[in-house]
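Survey of secondary and tertiary structure
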Amino acid sequence: MLKDLVETKIIKAIEIAISKGQMGELKDCPDSVLVELPKNPEHGDRAISIAMKLTKEAKIPPRSIAEAITKYIDRSGLTEVEIAGPGFINLKFDWNTFEETVAEINSKQENFAQLNERNKPEPDVKSVLLEYVSANPTGDLHLGHGRQAVLGSALANLFKKAGYKVHNEFYINDAGAQIEKLGKSCKEAILINEGLMDKSAYDEENNYPLDSILEFITKDYYQNKIGVDYKAISEYEYAQLAKQRFLDAQKDILEKAKVPFEKWYSEKDSLHINGKVEAACQRLLEKAKAYQEDGALWFKAKEFGDERDRVLKKQDGKFTYLAADLAYHQDKLSRGFDRLINLWGADHHGQIAGMKGILEAAGEDSSKLEIVLMQMVSLTKNGQEVKMSKRAGDVVTITDLIAEVGLDAFRYFLVESQANNRIVFDLELAKKQDKDNPVYYIQYAHARCASIIRNISEERMNTETQKLEPALVDKKLLAQWQEDFKSSKNLFALNFQGLSEVEEKSTKQLILFLAQYPDLIYEAALNRAPNKIAHYLKELASIFHQFYTHNRVISDNQELVKSRLSIVSATKTILKDGLDILAISAPEKM
RNA sequence: GCGCCAGUAGCUCAGCUGGAUAGAGCAACUGCCUUCUAAGUAGUAGGCCAUAGGUUCGAAUCCUAUCUGGCGUACCA
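The present account deals with the structure reproduced in this document. (Residues numbered from 1 in each chain as written. Chains lettered and ligands numbered in written order. Predicted model: local features only at pLDDT ≥ 70, side-chain atom pairs only at ≥ 80, totals over all residues. Heavy atoms only, no water.)

1. Comments concerning the sheet that holds strand S2 (residues 46-48)
Threshold: A pair of strands counts as paired when DSSP detects no fewer than two bridges linking them. Only DSSP runs of H or I reaching four residues or more are called helices, and only runs of E reaching two or more are called strands; each is numbered from the N terminus.
The strand order across the open sheet formed by 4 strands is S1-S2-S4-S3, and the pairing between neighbours is antiparallel. With one partner strand each, in any of the chains shown, strand S1 (35-36) and strand S3 (78-84) form the two edges of the open sheet.

2. Some words on the packing of aromatic side chains
What counts is decided by this rule: What counts as a ring pair is set by centres within 6.5 Å for rings of Phe, Tyr and Trp (its six-membered ring), and what kind of pair is set by the plane angle: stacked under 30 degrees, edge-to-face over 60, tilted for all other angles. Whether a charge lies above a ring is judged from NZ of Lys or CZ of Arg, which has to be within 6 Å of the ring centre and within 35 degrees of the ring normal.
Considering all chains together, one arrives at 24 aromatic pairs under this definition. Residues Tyr171 and Tyr328 carry aromatic rings whose centres are separated by 4.1 Å and whose planes lie at 10° to one another, so their mutual orientation is stacked. Here Tyr171 is found in strand S6 (residues 165-172), whereas its partner Tyr328 is found in helix H12 (residues 321-334), with 157 residues between them in sequence. Clustering of aromatic rings is evident, with ring pairs tying together Phe93, Trp95, Phe98, Phe492 and Phe496. One residue, Lys251, lies across the ring of Trp264, its end atom 5.0 Å from the ring centre. We note Arg448 situated over the ring of Tyr548; from NZ or CZ to the ring centre the distance is 3.7 Å.

3. Observations regarding helix H14 (residues 398-405)
The criterion, for reference: Any residue under 20% of the maximum accessible area for its type is buried, any over 50% is exposed, and the rest in between are partly exposed; the area is computed with a 1.4 Å probe on protein chains only. In this description, the arc belongs to the directions extending from the helix axis to the C-beta atoms. Note on contacts: a residue pair qualifies if any of its non-hydrogen atoms lie within 4.5 Å across the two residues.
Every buried residue of H14 is listed here: Ile398, Leu401, Ile402 and Val405. Relative to the axis of H14, the buried residues are bounded by an arc of 95° and lie together on one face. Buried residues along H14 sit in contact with helix H5 (143-161), helix H9 (235-256), strand S13 (377-381), helix H15 (407-415), strand S15 (423-426) and helix H16 (427-431). Following H14 by one or two positions, Gly406 has its phi on the positive side, about 90°.

4. Concerning empty space enclosed by the protein
Rule in force here: A cavity here means a set of 1 Å grid points, computed over protein atoms only, where a 1.4 Å probe fits but cannot escape. A pocket is an open set with protein on both sides within 12 Å along at least 5 of 7 lines, and lining residues have an atom within 4 Å of a point. Grid points are joined across faces, edges and corners, and a volume is the space filled by probe spheres set on the points. Each residue receives one of three labels: charged for Asp, Glu, Lys and Arg, nonpolar for Ala, Val, Leu, Ile, Met, Phe, Trp, Tyr, Cys and Pro, and polar for the others, Gly being one of them.
Within this structure, the stated rule accounts for 2 cavities of 30 Å³ or more. Its volume calculated, the largest cavity comes out at about 90 Å³. In this structure, the largest cavity is lined by 13 residues; those nearest its centre are Glu99, Phe485, Ser487, Phe492 and Ser566. Of all the elements in the fold, those that place two or more residues in the lining of the largest cavity are helix H4 (95-108) and helix H23 (558-582). Here the lining of the largest cavity takes 4 residues from H4, the largest share from any one element. By residue class, the composition of the lining of the largest cavity is 5 nonpolar, 4 polar and 4 charged. Approximately 40 Å³ is the volume found for the second largest cavity. Ala280, Arg283, Leu284, Lys287, Leu326, Gln330 and Ala362 are the residues that line the second largest cavity. Counting residues per element, the ones that place at least two in the lining of the second largest cavity are helix H11 (276-286) and H12.

5. Brief notes about the layout of surface pockets
It is the rolling of a water-molecule-sized probe over the atoms that shows where space remains empty. As a reminder of what qualifies: For the domains described, the bounds stem from an automatic or database domain assignment.
Its volume calculated, the second largest pocket comes out at about 1200 Å³. Along the wall of the second largest pocket there are 38 residues; nearest its centre are Glu36, Leu37, Pro38, Asp45 and Gln516. The biggest single contributor to the lining of the second largest pocket is helix H20 (residues 501-515), with 7 residues. Two domains each provide a minimum of three residues to the lining of the second largest pocket, namely domain 1 (2-93) and domain 3 (438-582).

6. A few points about the packing of H20 against helix H22 (residues 531-550)
For any two helices packed against each other, one specifies the inter-axial angle together with the distance between the axes. Going by this rule: Axis definition: a line fit to C-alpha positions, over the contact stretch in the case of helices; interaxial angles, taken between N-to-C directions, run 0 to 180 degrees. When describing relative orientation, an angle under 35 degrees is termed roughly parallel and one over 145 degrees roughly antiparallel, while 65 to 115 degrees is termed roughly perpendicular and anything else oblique. We call a crossing left-handed when the near helix sits turned anticlockwise from the far one by less than a right angle, and right-handed when that turn is clockwise.
Their axes nearest at 9 Å, the elements H20 and H22 cross at an angle of 155°. With respect to each other, H20 and H22 are oriented roughly antiparallel. Judged by the sense of rotation from one axis to the other, the crossing of H20 with H22 is left-handed. Between H20, through Val502, Glu503, Ser506, Thr507, Gln509, Leu510, Phe513 and Leu514, and H22, the contact on the second element is made entirely by Tyr536, Glu539, Leu540, Ile543, Phe544, Gln546, Phe547 and His550.

7. Some words on the nonpolar core
Which entries qualify depends on this criterion: The nonpolar core is taken to be a set of buried Ala, Val, Leu, Ile, Met, Phe, Trp, Tyr and Cys residues, with the residues joined through side-chain atoms within 4.5 Å.
One finds Met23, Ile69, Leu130, Phe410 and Phe425 to be the most contacted residues of the largest nonpolar core, which totals 135 residues. The dominant element in this core, judged by the number of residues it contributes, is H23, at 11 residues. Both domains that meet at this core, namely domain 1 (2-93) and domain 3 (438-582), each give it at least three residues. With residues near it in sequence (within four places) discarded, Phe410 still touches Leu143, Gly146, Val150, Ile398, Leu401, Ile402, Val405 and Phe425.

8. Observations concerning the pattern of salt bridges
Any two side chains of opposite charge can pair, on the condition that their charged atoms come close. Definition in use: By definition, a salt bridge exists where a carboxyl oxygen of Asp or Glu is found within 4 Å of a side-chain nitrogen of Lys or Arg.
Scanning the entire structure with this criterion turns up 30 salt bridges. Of the charged contacts in the structure, one is a salt bridge between Asp331 and Lys276, with a shortest N-O distance of 3.0 Å. Of this pair, Asp331 sits in helix H12 while Lys276 sits in helix H11, and the two are 55 residues apart along the sequence. The closest approach of N and O atoms between Glu504 and Lys508, which form a salt bridge, is 2.9 Å. Residue Glu504 and its partner Lys508 are both found in helix H20; the two are separated by 4 residues, about one turn of the helix. Here Glu504 falls in the partly exposed class, since its relative accessible area comes to 28%. Because the salt bridges share partners, they merge into one network encompassing Glu122, Arg339, Glu370 and Arg528.

As structure tokens, then:
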């Protein structure tokens, strides 16, 4: 990797400079060095700011440090080493280094940025359990869930790329008050629909909206499931059957949205029925971290940094979500994950202290639990905000939204922003299939790469003579080329002789940016920020379009065609790889 | 009241583990299709990085306070 190459050179140079006593009071060589892609190309192909950072410890001015380092830098592969500004060390590479970078991408392909035990971020975190969406099975998924689903699945892909083992889990909240409410709502809704109950008796305040229930549940559904009279079953049975229906619908849409869960974890079946919640509470009681008061069981949350104590078991004998969450997270930890990452809506941020506190109280290591908070998503249509009130029943479901804007745009707009920022989802923009829409901009770059590769090996219509001309390169030769692309043949220096300034600049700019990709994976995974991938791709697309404009690939000069095609091929690989992480399609043709 | 998140070009956002003149896209204006997809590209214009202090060689980035907006502050989840 280009970064490793530079880092090694710098570290070696620092070591030599220290041994020669030219680094002031600095004794220990840093074990990593920040290697940056300068914004301004005049500042070199890569820039190192280490001299400024070492100045405090070395107690000599940054420029003196830079001078000492540059004196001992191994110059192979470099054409220029320059000290600039307050003490930046700016490097420029020779064509061979550029060619090796392209060859590395073409040879490793989708593994170019595959990090591993050796170079992944957080070496001590090898396996991660990602829990997200975790909606109540009482309705369709809405936009907020959609954001979690997209971010979560993109994060899972990103983690895999960054060398983590990932397990995706959906926690089914199928116990408690929501489910009881669901049973009552469903039973009454069916009875009303069958004319057996007066609509005015339906408690809209405390039930789910009638219309949204009836959209999913019918008399026939129950009739078919139970085979006896639907009127005969209890609210509990209504709830269980409705739950299954909603859950199936959620599974269905999530699968379509490329959100893969390895496990659907039922709160009811895995925690309540087998007494795990009760047991977890009991253990807290034994540790004297819980107490009885006013007929309820309380957790001493205040001892663990929360604002007040929290109820675990209510007066009515039922457990709160906190009790179940404790049991659930202990179960997760017992499965041996190094890190538990939960994606939560920002409206739940108040629960973090309680959740971490109760794990501590239970004797667990709460630092293994990490909560990623996501701010709200709102929807605008023609500049007007679309209200999404569950009560009013006009929730915008992700099923509707995907049908309306398409999966690629849906995923892109929900992953583009960082989790901390609110999203205003612009329906009109997402629906646009033109340059205003960044999804198409990125996909177009990929399709362009594909098209060039295709055109080279296919017969082409000459627009002047209206005759079919033979392919520039036949399929066999192209296959041979693609093998050649995997190794550095020292062709760039030869074939790129006499490039114009703009040609050379745009070519180098593209390769330098491609070389950044593994660093991006590292950064994005460490920061749990798949949005960085989206922004990188947008910029890569832009840089590629510039390259495309200034460097005609297909020409009579076969050797030049070959050199440029190797760059196009590498670009296509990276675009596809990034789009795969976001689970957005990479079309060969548009 | 207290807590969390945000406040960067007219709009949507990057940049935030301090670094060299603050970047894109859209919208506005001027160019570029006989040539690999113009779903593209070249350029012009647009900014007291919410405000005020502080930390230092250096701050959009870190700290403190203030202002504005969103969210939370249950024996709901």
